[in-house]
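# Tertiary structure, described
Given next are the chains, with one letter for each unit.
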Amino acid sequence: MDLSIVIPLFNEDESLPELAAWIERVVNAQGYSYEVIMIDDGSTDRSWEVIEKLRRGNANIKGIKFQRNYGKSAALNEGFKASQGNVIITMDADMQDSPDEIPDLYNMIIRDGFDLVSGWKKKRYDNTFTKNIPSKLFNAAARSMSKIKLHDFNCGLKSYSRKVVKSIEVYGEMHRYVPVLAKWAGFRKIGEKVVEHRARKYGVTKFGWSRFVNGFLDLMTIFFVGKFGKRPMHFFGLWGTLSFMFGLLVFTYLSISKFFLDKTGMTQRPLFFFAILAMIIGTQLFLAGFIGELISRNSVERNNYLIEEKLGV
Ligand code: UDP
Ligand code: MG
């Protein structure tokens with residue numbers, strides 16, 4: 001199969017028929033063999049009935065219905081697992097992403113050899129203050145932390161080669177960082193394409209202000225997990241030891257000073273409390289690293305590596 005189109009959706013019943021018809025038009029014009037996987041993320045409106053109806057009209061349309069609302073990441077993850085195409089394209093259900101971009105996104109994977117291509121909503125039709133400005137800050141932070149040159153990490157419209165989606169796991173709220181997940185998994189050819197963005201025609205946005213707080217926290221998580229997830233001691237152990245040594249050094253100085261030099265009482269000096277603090281924090285960090293190390297030794301994934309090719313084994 002050429003193409004899988006994965007669409008996470010939560011209460012988007014009004015958009016679905018129009019979206020499905022548009023996708024069908026574009027895909028048929030290109031003559032791809034395809035499937036559209038719609039993941040109903042616990043909608044409380046008529047979304048699932050609409051999907052059932054669409055499937056009766058076109059067997060290429062498939063559906064997965066969650067028991068409750070798990071979030072966009074969960075929906076993408078299930079969609080990725082189910083997809084059979086050589087190229088996987090994700091898009092939002094609200095028709096803010098245009099299906100007309102599909103052929104270009106497909107070709108960039110197949111012809112130009114990209115592992116992942118992310119859409120870039122260069123001209124946005126969202127509210128300037130609640131979305132556009134925070135989103136610029138957020139993307140700048142994500143860029144500098146991940147060293148991936150993308151302008152729009154959170155764009156719902158992206159295309160992937162099959163091997164990328166089969167080797168990453170999208171969990172929590174990590175749908176914003178799929179390019180980072182792909183990069184950690186070893187996929188380097190990450191491209192970008194300016195895509196048309198449209199105003200939401202039906203329904204309302206499903207993410208409020210919390211998206212930015214959560215977005216930054218997730219960025220920290222992904223950064224630490226990616227860098228130190230398999231070796232926590234290298235982070236906590238280093239800083240813990242440094243902090244402890246610093247405290248110990250100051251303590252030694254204070255002791256020498258008390259007994260041999262000016263004989264002032266140790267506890268009268270502010271430095272004393274710094275030293276204690278540094279040693280306590282140091283011990284805490286060291287222990288955190290040690291516990292982290294024990295946890296990662298027990299993790300079933302401790303030896304999960306992605307092997308690209310093998311010769312003679
Ligand atoms: N979505 C989802 N589960 C959720 C929230 C959103 O599947 O818990 C879907 C939603 O239906 C849409 C896409 O994720 O297809 C993007 O959501 P939205 O358009 O609300 O985000 P925005 O465009 O405002 O960033
Ligand atoms: Mg939207």
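Residues numbered from 1 in each chain as written. Chains lettered and ligands numbered in written order. Predicted model: local features only at pLDDT ≥ 70, side-chain atom pairs only at ≥ 80, totals over all residues.

### As for the overall build of the chain
Counting secondary structure elements, the chain contains ten helices and seven strands. The C-alpha atoms of the chain give a radius of gyration of 25 Å, which is well past the 20 Å a tight globule of 313 residues would have. For the chain, the spread of C-alpha atoms along the three principal axes comes to 90 × 60 × 35 Å. Within the chain, counting contacts between residues at least 6 apart in sequence, those at least 24 apart form 82% of the total. (Helix = DSSP H or I, 4+ residues; strand = E, 2+ residues; numbered from the N terminus. Rg over C-alpha atoms; globule rule 2.2 N^0.38 Å. Contact = placed C-beta atoms within 7 Å.)

### Comments concerning the site of ligand 1
In the vicinity of ligand 1 there are 17 residues, among which P8, F10, A93, T205 and K206 approach most closely. When residues of the shell around ligand 1 are traced back to their parent elements, those giving at least two are strand 1 (3–9) and helix 3 (72–82). Each residue belonging to the shell around ligand 1 can be placed in one class, and the counts come to six nonpolar, five polar and six charged. (Near = placed C-beta within 6 Å. Nonpolar A, V, L, I, M, F, W, Y, C, P; charged D, E, K, R; others polar.)

### Some thoughts on the pairing of strand 3 (residues 61–65)
Direction of pairing for strand 2 (residues 34–40) relative to strand 3: parallel, over a ladder of five bridges. Counted as the bridge partner of V36 is I61 from strand 3. Following the backbone out of strand 2, through helix 2 (residues 47–57) and into the adjacent parallel strand 3, one traces a crossover that is right-handed. (Pairing = 2+ DSSP bridges. Right-handed = clockwise from strand over helix to strand, strands pointing away.)

### A look at unusual backbone geometry
Even without glycine at this site, M95 takes up a positive phi of about 65°. A count of 21 C-beta atoms within 10 Å places M95 in the buried class. (Buried ≥ 20, exposed ≤ 12 C-beta atoms within 10 Å, placed from the backbone.)

### Notes on the pairing of strand 6 (residues 158–161)
Across the two faces of strand 6 the burial is the same, with K158 and Y160 and S159 and S161 all buried. Judged from the four bridges that link them, strand 4 (residues 87–90) and strand 6 form a sheet pairing that is antiparallel. Across the sheet, the residue bridging to I88 is Y160, located in strand 6. Here strand 5 (residues 116–120) pairs with strand 6 via three bridges, running antiparallel.

### Re helix 1 (residues 16–30)
Residues three or four positions apart in an α-helix share a direction because the helix packs 3.6 residues into each turn. Over its 15 residues, helix 1 runs 21 Å from end to end, which matches the ideal 21 Å to within 8%, given 1.5 Å per residue. Buried residues of helix 1: L16, L19, A20, I23 and V27, and no others. Down the axis of helix 1, the buried set is contained in an arc of 95°. They therefore lie on one face. More than 90 degrees from the buried face of helix 1, the exposed residues found are E18, R25, N28 and A29. (Expected span 1.5 Å × (residues − 1). Arc of directions from axis to C-beta.)

### Focus: the domain arrangement of the chain
By convention, interface size is frequently given as the accessible area that disappears when the constituent parts associate. In terms of domain boundaries, the chain breaks down into domain 1 (3–228) and domain 2 (233–297). Measuring from the centre of the C-alpha atoms in domain 1 to the corresponding centre in domain 2 gives 47 Å. (Domains from an automatic or database assignment.)

### Thoughts on the sheet that holds strand 3
With mixed pairing, the seven strands of this open sheet are ordered in space as 3-2-1-4-6-5-7. Of all strands in the sheet, those with a lone pairing partner are strand 3 and strand 7 (190–194), marking the two edges. For this sheet, the mean inter-axis angle between neighbouring strands, taken without regard to orientation, is 20°. Sitting on the sheet, helix 1 is in contact with strand 1, strand 2 and strand 3, with an inclination near 160° to strand 2. Each of strand 1, strand 2 and strand 3 is contacted by helix 2, which is oriented at about 155° to strand 3, the strand it contacts most. (Axes fitted to C-alpha atoms, helices over the stretch in contact; angles between N-to-C directions.)

### Looking at the environment of A20
Relative to the helices and strands, A20 is located in helix 1. A sequence separation of 79 residues divides A20 from P99, and the C-alpha atoms of the two residues are 9.4 Å apart. With sequence-adjacent residues up to four places away left out, A20 is seen in contact with V36, L54 and I61.

### A word on the packing of helix 1 against helix 2
One way to put it is that helix 1 packs onto helix 2 with a least axis distance of 10 Å and a crossing angle of 35°. The handedness of the crossing between helix 1 and helix 2 is right-handed. Residues L16, P17 and A20 of helix 1 lie in contact with helix 2, whose contacting residues are S47, V50, I51 and L54. Considering only residue class, the contact of helix 1 with helix 2 consists of six nonpolar, one polar and no charged. (Left-handed = near helix turned anticlockwise from the far one by under 90°.)

### Here's the deal with the environment of Y171
Within the element layout of this structure, Y171 appears in the loop between helix 6 (162–165) and helix 7 (178–184). For the pair Y171 and N77, spaced 94 residues apart in sequence, the C-alpha separation works out to 7.2 Å.

### So, helix 8 (residues 210–228)
Its 19 residues give helix 8 an end-to-end C-alpha distance of 27 Å, which sits within 8% of 27 Å, the value for a rise of 1.5 Å per residue. Those residues of helix 8 lying buried are G215, L219 and I222. Taken down its axis, helix 8 places every buried residue within 75° of arc, on the same side. For helix 8, the exposed residues lying more than 90 degrees away from the buried face are S210, V213, L217, M220 and F224.

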